[in-house]
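Residues per chain are reported as follows:
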Amino acid sequence: MVCESNNKSYLKSQNLKIIGGSTLRGEVKISGAKNSALVLLAGSLLTDEKIILDNVPLLTDIEKMCKILKNLGVKLTTNDHQLTIDSTHVSIKELPYELVHGLRASFFCIGPLLSRFGEASIPLPGGCNIGKRPINEHINGLKALGADILIEKEIVKARILKKGSRLNGSNIKLNCPSVGATETLIMAACLAKGRTVIENAAREPEIQDLCQMLNKMGAKIYDSGKEKIIIDGVQKLHGCSHKVIPDRIEAGTFLIAAAATSSSISVSPVIPSHLEALLNKLEESGSKVLIKGNSISIKGKKIKAVDVETAPFPGFPTDLQAPFTALMTVAKGRSKISETIFENRMNHVEHLNQMGSSILVKNNVAYIEGVNELRGETLVGSDLRSAAALIIAALISKTTSHIYGLEHLDRGYENFEVKLSNMGVEIIREITEKNNSDSNYKSSVIKEKISTGVNAA
Ligand code: EPZ
């Protein structure tokens, strides 16, 4: 597994040195989806029998989630990309704040714990660099299912008042199609009494993957992937084996990197229907895309400026907004990138401008004037996807860059620099003893970012 990140030392000691200007070639293997594996781990709490998960990505977020489950008494054994989870002896206790704070997905444990044991105490996940990340949809839905919720001292205490009874199925209409809330409520409803209907549900592929695993465990979930999901509660769920779907965001990041460097690569395994919105925008911006079974090939051409607006699935994914913005910095013409999901997901723009791009941000819309080239810089990525965007920009530039903030990158991309290096990029992970407060850093942003540490995604 990836070594656990001690944020401060991690932040100060590791960077990716990238010699820009090379093209990518060959095929890259896509890992299991982070945002599926995390919720599948939470879902394994719903049974006292063994769950075997295959194709689990080796990421620090997965390591953190495993630590959280172990804290609850779950037994986990790892064998390369396979995880065996045994939740027979789960002892309910409050999850320690330091474990939960850095990982939003930990909050998704509230549904399974409440539904199986009648109680759960989870610290509030808190906001992060990209937004406030509220949980009102989770709370309102759990209340609709009959849970009593108390929030005190930043801890969410959920319980079923009548000892020994179950949650009650209910009709729930989400105000916004929240991925996490949809997942929490599906897991809570699986063991509730009667039928639950979730309207305005999120439709992301990771939710469909969760429902597939839960149905293998004996749940009765219908129409996952549609905006109205029906769950008929059952008494008990049993163990199963399940393979995590490929990570559409990792695949999309590599496809964007190829388009940005006029490269020809292929990515597999992927599920092409999970990437439709991105593929349409890559073709509109001039790339040639070919789908063959579970593989997608791309040939980057002259980049045309296109407009993008992020939206819930099947719209353009917010997690690819920052990488796509990096692509548009060198597109011919003007483009407009609108972030409609998170209120603060433009942190990469100031760094891209330091590399020579011409972007103006107003009310969560990035107005981009394409430039001919970017120059390498030493910069710090401030969240998972902005770090990926800076790496793409470093590949575009013809000089050398040093990208810090790898504690973010390693949360969501398995062996990112190894995969790029295997495709012909000159990139190495430098472990430096240098203290980042050295005055030799060009940008004040570096010092300021170094002091802020890591945030949840
Ligand atoms: C999941 O986060 C993903 N994380 C995010 O991926 C992804 O960006 C996001 O879905 C949107 O696709 C995981 O699955 C672990 P949301 P989640 O609830 O569930 C508002 C990455 O880079 N909202 O769908 O937290 C919220 O403020 C990460 O891999 C409420 O108002 O996202 C936001 O504006 C980043 N009330 C919008 O909904 C709530 O109770 C979407 O949030 C919940 C959310």
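## A short note on the sheet that holds strand S2 (residues 25–29)
So, step 1. The strand order across the open sheet formed by four strands is S2-S14-S16-S15, and the pairing between neighbours is mixed. This sheet does not close on itself; its edge strands, each paired only once, are S2 and strand S15 (288–292). Across the sheet, the mean angle separating the axes of adjacent strands is 15° when strand polarity is ignored.
So, step 2. Where S15 lies against strand S16 (residues 295–299), five bridges are found, and the strand directions are antiparallel. By the bridge assignment for S16, Lys-292 is matched with Ser-295.

## Comments concerning the domain arrangement of the chain
Buried accessible area, meaning the area lost when the parts come together, often serves as the stated size of an interface.
So, step 1. One can read the domain layout of the chain as domain 1 (11–31 + 246–448) and domain 2 (34–243).
So, step 2. Each of domain 1 and domain 2 has a C-alpha centre, and the two are 31 Å apart.
So, step 3. The interface is formed by 23 residues belonging to domain 1 together with 22 residues belonging to domain 2.
So, step 4. Of the roughly 1900 Å² buried at the junction of domain 1 and domain 2 (both faces included), carbon and sulfur atoms supply 47%.
So, step 5. Between domain 1 and domain 2 we count three salt bridges in total.
So, step 6. The residue Glu-343 makes a salt bridge to Lys-132 at a minimum N-O spacing of 3.5 Å.
So, step 7. Taken together, the connections running from domain 1 to domain 2 amount to 13 residue pairs in polar contact (both at pLDDT 80 or more).
So, step 8. The set of elements that each furnish at least two residues to the side of domain 1 that touches domain 2 consists of helix H13 (384–396) and helix H14 (406–412).
So, step 9. In terms of residue count, H14 provides more of the side of domain 1 that touches domain 2 than any other element does, four residues in total.
So, step 10. The residue makeup of the side of domain 1 that touches domain 2, split by class, is six nonpolar, six polar and eleven charged.

## Some words on helix H5 (residues 110–117)
So, step 1. With six of eight residues buried, H5 is to be regarded as a mostly interior element.
So, step 2. Lining the buried residues of H5 we find helix H2 (34–43), strand S6 (119–123), helix H6 (136–144), strand S8 (155–159) and helix H7 (179–189).
So, step 3. Looking one or two residues past H5, Gly-118 carries a phi angle of roughly 85°, positive in sign.

## Section: the state of the cysteines
So, step 1. Applying the stated criterion across every chain, the model contains zero disulfides.
So, step 2. You can see Cys-109 has no disulfide; the closest cysteine sulfur is in Cys-66, sitting 11 Å from it.
So, step 3. Accessibility expressed as a relative area gives 0% for Cys-109, which makes it buried.

## Focus: the packing of aromatic side chains
So, step 1. A full pass over the atoms with the stated rule returns three aromatic pairs.
So, step 2. On the numbers, 5.3 Å between centres and 35° between planes, the contact of Phe-254 with Phe-416 is tilted. Taken together, the residues span a long stretch of sequence, with Phe-254 in helix H9 (residues 248–260) and Phe-416 in helix H15 (residues 416–422) at a distance of 162 residues.
So, step 3. According to the relative accessible area criterion, Phe-254 is buried, its value standing at 1%.
So, step 4. Look at Phe-416 and you get buried, because its relative accessible area is 2%.
So, step 5. On the numbers, 4.7 Å between centres and 45° between planes, the contact of Tyr-413 with Phe-416 is tilted. Phe-416 shares its class with Tyr-413; the two are buried.
So, step 6. Taken together through their ring pairs, the aromatic side chains of Phe-254, Tyr-413 and Phe-416 make up a single cluster.

## Quick notes on the site of the ligand
So, step 1. Near the ligand, the surroundings consist of 23 residues, among which Arg-104, Asn-136, Ser-178, Asp-319 and Ile-341 are the closest.
So, step 2. With respect to the ligand, the backbone of Glu-137 contributes an N or O atom lying 2.8 Å from an oxygen atom.
So, step 3. Here the ligand loses 90% of its free accessible area of 820 Å² to cover by the protein chains.
So, step 4. Judged by the fraction of its atoms near the pocket grid, the ligand is located in the largest pocket.
So, step 5. Listed by contribution, the elements that provide at least two residues to the shell around the ligand are H2, H6, H7 and H13.
So, step 6. Counting residues per element, the shell around the ligand draws most heavily on H6, which supplies three residues.
So, step 7. Among the residues making up the shell around the ligand, the classes are represented as ten nonpolar, six polar and seven charged.
So, step 8. There are two domains that each give the shell around the ligand at least three residues, and those are domain 1 (11–31 + 246–448) and domain 2 (34–243).

What counts and how
- Residues numbered from 1 in each chain as written.
- Predicted model: local features only at pLDDT ≥ 70, side-chain atom pairs only at ≥ 80, totals over all residues.
- Heavy atoms only, no water.
- Pairing = 2+ DSSP bridges.
- Helix = DSSP H or I, 4+ residues; strand = E, 2+ residues; numbered from the N terminus.
- Axes fitted to C-alpha atoms, helices over the stretch in contact; angles between N-to-C directions.
- Domains from an automatic or database assignment.
- Contact = heavy atoms within 4.5 Å.
- Buried area = accessible area lost by both parts, 1.4 Å probe.
- Salt bridge = Lys/Arg side-chain N within 4 Å of Asp/Glu carboxyl O.
- Polar contact = N/O pair within 3.5 Å; in protein donor to acceptor, adjacent residues only side chain to side chain.
- Nonpolar A, V, L, I, M, F, W, Y, C, P; charged D, E, K, R; others polar.
- Buried < 20%, exposed > 50% of the residue type's maximum accessible area, 1.4 Å probe, protein only.
- Disulfide = S-S within 2.5 Å.
- Phe/Tyr/Trp six-rings, centres within 6.5 Å; stacked < 30°, edge-to-face > 60°.
- Near = heavy atom within 4 Å.
- Areas by Shrake-Rupley, 256 points an atom, 1.4 Å probe, with all protein chains shown as cover.
- 1 Å grid on protein atoms, 1.4 Å probe; cavity = no way out; pocket = protein on both sides within 12 Å on 5 of 7 lines; lining within 4 Å.
- Sits in = over half its atoms within 2 Å of the grid points.

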